[in-house]
Amino acid sequence: NITMRRPDLYDAGGYLTTTATDSHGFNVNGAINVPIVEGKLAARIAGIISDDRGSEVRPVNGGPLKNDSKGIRASISADPFDGVLKLDFTYQNQQRDSLQYQQVQSFTDNAFNTNPALVSPIFISAKDRAAVRGRLPQNNHQAFEIFNWQAQLSLFGQRLTYIGLDLSQTLQSFAPSDGAGVFGTESVGDRDSDVEELQALSVLDVVQAVPSSGGL
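Residues numbered from 1 in each chain as written. Predicted model: local features only at pLDDT ≥ 70, side-chain atom pairs only at ≥ 80, totals over all residues. Heavy atoms only, no water.

Asks: Can you walk me through the overall build of the protein in this structure?
Replies: Regarding its fold elements, the protein presents zero helices and 10 strands. Each helix and strand of the protein, placed in order from N terminus to C terminus, yields the pattern β-β-β-β-β-β-β-β-β-β. Within the span of the protein, comprising 216 residues, buried residues form 25% of the whole. Relative to all contacts within the protein whose residues are 6 or more apart in sequence, the contacts with residues 24 or more apart total 60%. Counting every atom, the protein has about 14400 Å² of accessible surface; 56% of that belongs to carbon and sulfur. (Helix = DSSP H or I, 4+ residues; strand = E, 2+ residues; numbered from the N terminus. Buried < 20%, exposed > 50% of the residue type's maximum accessible area, 1.4 Å probe, protein only. Contact = heavy atoms within 4.5 Å. Areas by Shrake-Rupley, 256 points an atom, 1.4 Å probe, with all protein chains shown as cover.)

Dropping the structure here:
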């Protein structure tokens, strides 16, 4: 489970972390928290940017690689009546784009290949992490947009919680149908999916004071 950090109603703060690798990858993420009205209203904004080369599989003659993502999350928390009514709202947007190639291996590296006609003009072993020259890459795009809200009312020993979620996602994939180049075609397959979901949940918790009794 992933738990999102709520805004702090009292203390301002934040953080920033960065990571870089020797394989041309980096990650930067951070957050800032600001109490707007101390003890009553606060906001928190967090973000992330990352980029790397994904699987590092390239065509034998070279080619571009991409695997980057970025996201932002904005949260607001309010406690206007000292615990009687608590309100939380979160907006989150995340996108990922990748350009990757399908790894292949020469059939001549297979002990069962006895047909000279199937000999590869360029020998590719598994450790080469290579793709067929001239093939189209797989291009993926993912986008998520999420709204969360929650209200909690506590009165007369009872607590009523209302939770809502609105989710929108887009998934696009553009890839060659003949990834190994066996048939010499550049046909592609394109998949596009859009999903939107709205959920709401009300929970009633009954909180009763239980008198203590003497024990043995």
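Asks: I would appreciate a short explanation of the side chain of Asn93 in the present structure.
Replies: Here Asn93 lies in strand β6 (residues 85-100). A distance of 3.2 Å separates the side chain of Asn93 from the side chain of Tyr91, its partner in a polar contact. (Polar contact = N/O pair within 3.5 Å; in protein donor to acceptor, adjacent residues only side chain to side chain.)

Asks: What exactly am I supposed to notice about the pattern of salt bridges here?
Replies: Charged atoms that come close allow side chains of opposite charge to pair. Using the criterion set out here, one finds two salt bridges in the structure. Residue Asp88 is joined to Arg6 by a salt bridge in which the shortest nitrogen-to-oxygen separation is 3.7 Å. Of the two residues, Asp88 sits in strand β6 while Arg6 sits in the segment before β1 (13-20), which places them 82 residues apart along the sequence. Relative accessible area serves as the criterion here: at 16%, Asp88 is assigned to the buried category. Salt-bridge contacts for Asp82 lead to Lys40; the nearest nitrogen and oxygen are separated by 2.8 Å. Of this pair, Asp82 sits in the loop between β5 (66-78) and β6 while Lys40 sits in the loop between β2 (26-37) and β3 (41-52), and the two are 42 residues apart along the sequence. A relative accessible area of 64% means that Asp82 is categorised as exposed. Lys40 gets classed as partly exposed once you look at its relative accessible area, which sits at 27%. (Salt bridge = Lys/Arg side-chain N within 4 Å of Asp/Glu carboxyl O.)

Asks: Explanation requested: the pairing of β5 in the structure shown.
Replies: Side-chain positions along a regular strand alternate between the two faces of the sheet. Sheet topology places β3 next to β5; 12 bridges connect them, and they run antiparallel. In the strand pairing of β5, Ile48 is matched with Gly71. Looking at chain direction, β5 and β6 are connected through 13 bridges and run antiparallel. Note that in β6 the partner of Lys66 across the bridge is Leu99. (Pairing = 2+ DSSP bridges.)

Asks: For this particular structure, what's the right way to read a nonpolar patch on the surface?
Replies: On the surface, Ile32, Val34, Ile36, Val37, Ile45 and Ile72 cluster together into a nonpolar patch covering about 510 Å² of accessible area. A per-element tally of the nonpolar patch places β2 first, with four residues. With respect to the helices, strands and loops of the structure, Ile72 is situated in strand β5. (Patch = residues over 30% accessible without salt bridge, like charges linked within 9 Å, V, L, I, M, F, W, Y side chains within 5 Å.)

Asks: For this particular structure, what's the right way to read the confidence of the model for the protein?
Replies: Regions with low pLDDT carry predicted coordinates that are not meant to be interpreted in detail. In this model, the protein carries a mean pLDDT of 79, and residues with pLDDT of at least 70 account for 72%. Within the model, the stretch residues 206-216 combines pLDDT values under 50 with five contacts to residues more than four positions away or in other chains. (pLDDT = per-residue confidence, 0-100.)

Asks: Looking at this structure, how should I read the packing of aromatic side chains?
Replies: How two aromatic rings sit relative to each other is set out by the distance from centre to centre and by the angle between their planes. Applying the stated criterion to the full structure yields two aromatic pairs. Both rings, one in Phe89 and one in Phe147, keep their centres 6.3 Å apart while their planes meet at 40 degrees; by these two values the pair is tilted. Placement of the pair is Phe89 in strand β6 and Phe147 in strand β8 (residues 138-155), with a sequence separation of 58 residues. A relative accessible area of 35% places Phe89 in the partly exposed class. Assessed through its relative accessible area of 26%, Phe147 is described here as partly exposed. With centroids separated by 4.9 Å and ring planes inclined at 50 degrees, the aromatic side chains of Tyr91 and Phe147 adopt a geometry described as tilted. In this pair, Tyr91 sits in strand β6 while Phe147 sits in strand β8, placing the two residues 56 residues apart along the sequence. (Phe/Tyr/Trp six-rings, centres within 6.5 Å; stacked < 30°, edge-to-face > 60°.)

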